[in-house]
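# Tertiary structure, described
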Amino acid sequence: MGASGDMLLAALLAVGADRDALAPVEDALPIRYELSETVERGIGATSVAVVLTDVDEARTDGTDANHQMPSKVPGHEHSHDHADGGHGHTHGDTAAEGHGPSRSLGEVREIVGEMALPASVERDALAIFEILGEAEAAVHDTTLDEMHFHEVGADDAIADIVGVCLLLDDLGVERVVTTPLSAGGGTVEMSHGTYPVPGPAVVEIAERADWSLAGGPVDAELLTPTGAAILAHLADGVDALPELAVEASGYGAGGYSFENRPNVLRAIVGDGGGGLRRDEITVLETNLDDTTPEVLGSLQERLQDAGARDVSILPATMKKSRPGHLVKVVCKPADSERVARRLAEETGTLGVRAHGAGHRWIADREIATATVEIDGDAYEVDVKVATDSEGTVFDVSGEYDDATAVADETGLPVREVLRRAEDAVR
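Read on for a plain summary of the structure. (Residues numbered from 1 in each chain as written. Predicted model: local features only at pLDDT ≥ 70, side-chain atom pairs only at ≥ 80, totals over all residues. Heavy atoms only, no water.)

Next up on the list: the packing of helix H5 (residues 119-139) against helix H7 (residues 200-208). Running from N to C, H5 and H7 cross one another at 120 degrees; their axes reach a closest spacing of 9 Å. Taken together, the axis directions place H5 and H7 in an arrangement best described as oblique. The handedness of the crossing between H5 and H7 comes out as right-handed. Taken together, the residues of H7 that come into contact with H5 (itself represented by Ile-131, Leu-132, Glu-134, Ala-135, Ala-138 and Val-139) are Pro-200, Ala-201, Glu-204, Ile-205 and Arg-208. Taken together, the residues of the contact of H5 with H7 break down into 8 nonpolar, no polar and 3 charged. (Axes fitted to C-alpha atoms, helices over the stretch in contact; angles between N-to-C directions. Helix = DSSP H or I, 4+ residues; strand = E, 2+ residues; numbered from the N terminus. Parallel < 35°, antiparallel > 145°, perpendicular 65-115°, else oblique. Left-handed = near helix turned anticlockwise from the far one by under 90°. Contact = heavy atoms within 4.5 Å. Nonpolar A, V, L, I, M, F, W, Y, C, P; charged D, E, K, R; others polar.)

Bringing the environment of Ala-49 into the picture now. Its location among the elements puts Ala-49 in strand E2 (residues 43-52). Given a relative accessible area of 1%, Ala-49 falls into the buried group. Each C-alpha atom of the pair Ala-49 and Ala-95 lies 7.2 Å from the other, and the pair is 46 residues apart in sequence. (Buried < 20%, exposed > 50% of the residue type's maximum accessible area, 1.4 Å probe, protein only.)

The sheet built from 4 strands is open, its strands ordered E15-E16-E14-E17 with antiparallel pairing. Among the strands making up the open sheet, the edge pair consists of strand E15 (308-317) and strand E17 (353-354). Taken together, the 2 bridges between strand E14 (residues 282-288) and E17 define a ladder with antiparallel strand orientation. Its bridge partner being in E17, Glu-285 is matched across the sheet by Arg-353. Along the sheet, helix H9 (residues 293-305) contacts E14, E15 and strand E16 (323-331); its crossing angle with E15, the most-contacted strand, is approximately 155 degrees. Packing against the sheet, helix H10 (residues 336-347) makes contact with E14, E15 and E16, and its axis sits at approximately 15 degrees to E14. (Pairing = 2+ DSSP bridges.)

Those residues of helix H4 (residues 105-113) lying buried are Leu-105, Val-108, Ile-111 and Val-112. Buried residues in H4, looked at end-on, bunch into an arc of 120 degrees, giving them a common side. (Arc of directions from axis to C-beta.)

What follows is the structure in C-alpha cells.
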C-alpha cells in the first residue's frame, strides 16, 4: 500500500524503535509527534501525526495561510497540496502539514545541522533532501541551487525525514530492503493542477532508486515523494522477502481507509545472516585507439592517485578495425569529476562516459600481519582478510610484494610463501 513519511515513522515505532529517539526534532521545531493505536481491517497498527505546538510561531514566516490548513481525518476528504498526499492525518490538533516557509536546500541543511544529530543520521537526512530537491528541480526544469522546497521543505517533512533516520539509528539495523512499492492510481490534486498517480516527483525519484515501482492496487496516491525519497536513499530493492530470522514486526497506518484492504505499511526486523556491504560508486569508461603502451602502463597509478578505486584496461576492436583499449574506472560519486578529468588529461580522450551502475556489493576488508617461520627465522607478510557483515571470513589473500621479498631472501617459491601466510591467519 505504498509508503509515506508518517507511515514509515509509525511502522518503525511499532517494530520497536524508541519514541524518545525523536527528541532532537521536537526540540528544534515547533512540532510534536502524536502517536495513537488503530485497527485497519483487522490489523492493529500504529498511527503517527506531526502536530504543531505553536501555531502562531509556525505562521510567522509569512506563508499563505490557505496552504496551512490541517489535513482531514482519515476516511474524509484529503488535501493533496503537500508532500505526503492523503497519508497525513490529525487527532484533534493542528497538523504541521505544509507549515513553515519555502526553503532552499541550504536552509534545510542549516536547520538539520543545528539539531546536533549523530553524524550518520545527519548524513542520511541531508541525502534524502537532496534526492527530493533533485526530483523537484527536474520536474520544474530548474537547477538544485535555484530550487526552493515547497511542501517538502516544511516542518512536517523535516520531522518525517529526520525522524525516520533517527528511528532506524535507534534500531541499529545494518541493511534496509523493500519489495516493489505500490504507487496507487487515478489522479491527484496538487498546487499546480491535476496529475496522474504516481505524480511527477515520485517518478523522478523512482528513476534514481534501487527498488521497483508498480501501479495500483487502488485509485489513490499511495506512494508520496517523501516516502519515496526516504526509501530511495535507505532501501535496496528485492522482489520478495529475503531469508530472515524474524525478531519483530509492526504496522504503520496510512491516512486512507479502503473497503477491502488494510492501508498499512509493515516493517519486519530480523537477522538475515551475513551479507556484503553496499558501496555507492560511479563507473567511468572511455575508448582509446591511439594511446601508447607507456601511458597505459602508468594509467592505473595515476588514476588511483586521483581517487579511482579500481581500473581495468581491456583490449577492444575500434572503428575501421583498429586495435584499441576500453578503460573502465570505479570511483566514488564525489570523486567522479576529478577522476574523469585525470583520465582525459592522461590519455587525451575526447569524452568520458559515466556508466549506469549506482553501487557495488563489497566485503569488509582488513589487513592482518602473518608471521611465517622458515628455517628458524620469522618473516612478516601482510594478508588481506575479507569478511561479511557478520564477521565470517570467506577469503584471505597474501600481499604479493611482501611474499616476493620473503621469497627472494629465503629461496622459497612465492606461491609457497603466500600459502603459508594465508594459512597462518585462517
